[in-house]
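Reading the structure
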Amino acid sequence: MNPVFRLALCCFAAVTLCACVARRQPAAATNADTPLPAATPANTSPVTTPSPTTTTATTTGTATKSGWWIRLHPTLTTAQAVTLQIGTSKLQREEWRVWRQGEPVEFDVPAKYQQVPKLYLRGSVTPIGKLADLCVMYKTRGVEHMGFDDDDSDTANQLKTDIKCR
C-alpha cells in the first residue's frame, strides 16, 4: 500500500475518532432514582464540575408538584434516554439526571431550584434522531413545552403559561 495513502487514511481515522469522542454524551447514571451530581459555581465553566446531590422527589420517583417539575409525554417520547441539565441560566447550569424509557414520567427538579423565578433546562436525546417531548411545569401550570430530536434548551418563567402543556 502506498505510504502517502496509508498516512492519509490514518489521519482521516484520527479526525473521525476525535469528532466522535467530542460528540459523545455524558455518562448516564446507572439508576433513574439516582440523579446526576450537582455542580460547583458556574463561573468556572458553562457546564460546571459535578458534586453529589439528592432530592426526595427523584428518590420516590413521583413529583410533589410544590414548585418546578417536569412531565415527559410517554407516547411522543421515542428516545431511549433524555439527559437533562438544569440551572438558572445557560451559564449557571449543571448536569442533573438521565431519564430512561419505562421510568416515571413526572418528577420534581432538585430542591435548590424548586422556587427559583426562572428555570433553565437543557435536554438531549439518545439516540440522536429520536424524539423527546416534555413540559416544564410550575405547581399546577405548564409553562414551557419542549420537543426535540437532538438537543434543546429553554428558560421557563413561573408566570408564563404554555397551552401545549395542559
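Scroll up to find the structure.
Residues numbered from 1 in each chain as written. Predicted model: local features only at pLDDT ≥ 70, side-chain atom pairs only at ≥ 80, totals over all residues. Heavy atoms only, no water.

Comments concerning the pairing of strand S3 (residues 68-72)
Taking burial as the measure, the 5 residues of S3 include 4 buried ones, the bulk of the element. In this structure, S3 lies alongside strand S8 (residues 132-138), joined through 5 bridges in antiparallel fashion. Among the inter-strand pairings, Leu 72 is bridged to a residue of S8, identified as Leu 134. As paired elements, S3 and strand S6 (residues 106-108) share 3 bridges and run antiparallel to each other. Residue Ile 70 lies in a different strand from S6, and its bridge partner there is Phe 107. (Buried < 20%, exposed > 50% of the residue type's maximum accessible area, 1.4 Å probe, protein only. Helix = DSSP H or I, 4+ residues; strand = E, 2+ residues; numbered from the N terminus. Pairing = 2+ DSSP bridges.)

Concerning the packing of aromatic side chains
This structure, assessed with the given rule, holds 2 aromatic pairs. Between the NZ or CZ atom of Arg 97 and the centre of the ring of Phe 107, over which it lies, the distance is 4.1 Å. (Phe/Tyr/Trp six-rings, centres within 6.5 Å; stacked < 30°, edge-to-face > 60°. Lys NZ or Arg CZ within 6 Å of the ring centre and 35° of its normal.)

Details of the pattern of salt bridges
If you walk through the whole model with that rule in mind, you get 5 salt bridges. Where Arg 97 meets Glu 103, a salt bridge forms, and the shortest distance between an N and an O atom there is 3.5 Å. No difference in accessibility class separates Arg 97 from Glu 103, as the two residues are buried. Linking Glu 144 and Lys 160 is a salt bridge whose minimum nitrogen-to-oxygen distance equals 2.7 Å. Of this pair, Glu 144 sits in strand S9 (residues 141-148) while Lys 160 sits in the segment after strand S10 (151-157), and the two are 16 residues apart along the sequence. The buried category is assigned to Glu 144, whose relative accessible area is 7%. (Salt bridge = Lys/Arg side-chain N within 4 Å of Asp/Glu carboxyl O.)

Structural notes on the pairing of strand S7 (residues 118-126)
Here strand S4 (residues 81-87) pairs with S7 via 7 bridges, running antiparallel. Pairing of Gln 85 across the sheet is with Arg 122, part of S7. For S7 and S10, the ladder comprises 7 bridges, and the chain directions are antiparallel. Note on S10: the bridge partner recorded for Lys 118 is Asn 157.

Structural notes on the sheet that holds S4
Here we have 4 strands laid out as an open sheet, ordered S5-S4-S7-S10, and antiparallel in their pairing. Taken across any chain shown, the strands that pair with only one partner, and hence form the sheet edges, are strand S5 (93-100) and S10. When the angles between neighbouring strand axes are averaged without regard to direction, this sheet yields 20°. (Axes fitted to C-alpha atoms, helices over the stretch in contact; angles between N-to-C directions.)

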